[in-house]
Structure formats: structure tokens, C-alpha cells
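Structure assessment
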Amino acid sequence: VQLVESGGGLVQPGGSLRLSCAASGFTFSRYFMRWYRQAPGKERELVAGIGSAGGSTNYADFVKGRFTISRDNAKNTVYLQMNSLNPEDTAVYYCNARFSKNDYWGQGTQVTVSS
């Protein structure tokens with residue numbers, strides 16, 4: 001089982017990034033997918049989630065209207081489009097897959113928002 005995040009980096013305030021999480025080793029289309037983030041000195045927090053078929057999504061209040069989660073079950077990939085980034089969005093972003101008793105995590109990708 002693997003979840004591999006990519007797309008992180010350094011971006012200026014107001015900028016955009018698109019994170020990707022490529023899954024393998026399990027039946028991706030059955031799994032609820034989530035993005036979490038963890039900033040230095042803070043606990044990991046939920047950013048967004050998407051249902052197995054992609055029809056239902058949910059977002060943390062602090063990203064509503066700025067971030068969009070989506071998935072492509074044919075490519076076993078989940079995405080996080082992040083717009084209007086601000087320094088408070090600086091964190092390591094993690095991909096999570098959950099179904100029944102199975103709970104998988106990626107290694108994370110660093111997002112730094114700074115001028």
C-alpha cells in the first residue's frame with residue numbers, strides 16, 4: 001500500500017498550488033479520501049474530504065472557498081487545489097485513505113507560503 005503526495009513547494013501569498021496523491025496497493029475507489037495538514041508545533045488537522053465516488057465533499061472552515069478536493073478513480077489519485085494561499089497555510093500536507101478498518105497515510109508534502 002502506498003500513498004505518494006506531490007505538488008508541494010514554496011509559493012507567495014495569494015498564490016496557488018495543486019497537490020496530488022497517487023494511491024496504489026488497494027482498491028482506491030472504495031476509500032474515503034482526506035487531506036490533513038500539520039504546521040510546526042501544532043496538531044494535525046483535517047483540511048478536506050471526499051467520498052469514494054467523488055460526489056460528496058467536506059471542508060474545514062478555514063479553507064472553504066479557497067481549496068477544492070477532487071479525485072480521479074481511473075487514475076487512483078486525489079487532488080487538492082489550493083488558491084489564495086496565505087502564510088497560515090504553511091504546513092506539511094498529508095493524504096489519508098480510510099475504509100472499514102483500513103487507514104493509510106502518505107509521507108506528506110511541504111507547503112510553504114512566504115514572500
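An account of the accompanying structure is given in this report. Per-chain numbering applies: the sequence of each chain, read as written, is numbered from 1 onward. Since the coordinates come from a predicted model, pLDDT governs what is reported: local features require at least 70, and pairs of side-chain atoms require 80 or more to be given and counted, while whole-chain, interface and lining totals use all residues. Based on all heavy atoms of the structure, the side-chain values leave hydrogens and waters out of the count.

Here we look at the pairing of strand E1 (residues 2–6)
A 1.4 Å probe rolled over the protein chains alone gives each residue an accessible area, and that area as a share of the maximum for its type sets the label: buried under 20%, exposed over 50%, partly exposed in between. Helix numbering and strand numbering both begin at the N terminus, where a helix is a DSSP run of H or I of at least 4 residues and a strand a DSSP run of E of at least 2. Judged by which residues are buried, E1 turns out to be one-sided: Leu3 and Glu5 face inward and are buried, whereas Gln2, Val4 and Ser6, on the alternate face, are not. For E1 and strand E3 (residues 17–24), the ladder comprises five bridges, and the chain directions are antiparallel. The partner of serine 6 across the bridge, within E3, is serine 20. For two strands to be treated as a pair, DSSP must find no fewer than two bridges joining them.

Points about the state of the cysteines
Sulfur atoms of two cysteines make up a disulfide when they are within 2.5 Å. Counted according to the given criterion, the structure contains one disulfide. A sulfur-sulfur separation of 2.1 Å characterises the disulfide bridge that pairs cysteine 21 with cysteine 95. Taking the torsion about the S-S bond as the criterion, the cysteine 21 to cysteine 95 disulfide, at about -80°, is left-handed. Of this pair, cysteine 21 sits in strand E3 while cysteine 95 sits in strand E9 (residues 91–99), and the two are 74 residues apart along the sequence. Accessibility assignment for this pair places cysteine 21 and cysteine 95 in one class, buried.

Re the side chain of threonine 109
Mapped onto the secondary structure, threonine 109 falls in strand E11 (residues 109–113). The class of threonine 109 is buried, set by a relative accessible area of 9%. In this view, threonine 109 contacts Glu5, Ser6, Gly7, Gly8, Leu19, Ala91, Val92 and Tyr93; residues no more than four positions away in its chain are not counted. Throughout, a contact is declared for two residues whenever any of their heavy atoms are within 4.5 Å.

Let's talk about the pairing of E3
A regular strand carries its side chains on alternate faces of the sheet. Pairing geometry for E3 and strand E8 (residues 77–82), over six bridges, is antiparallel. Directly across from leucine 17, in E8, lies its bridge partner methionine 82.

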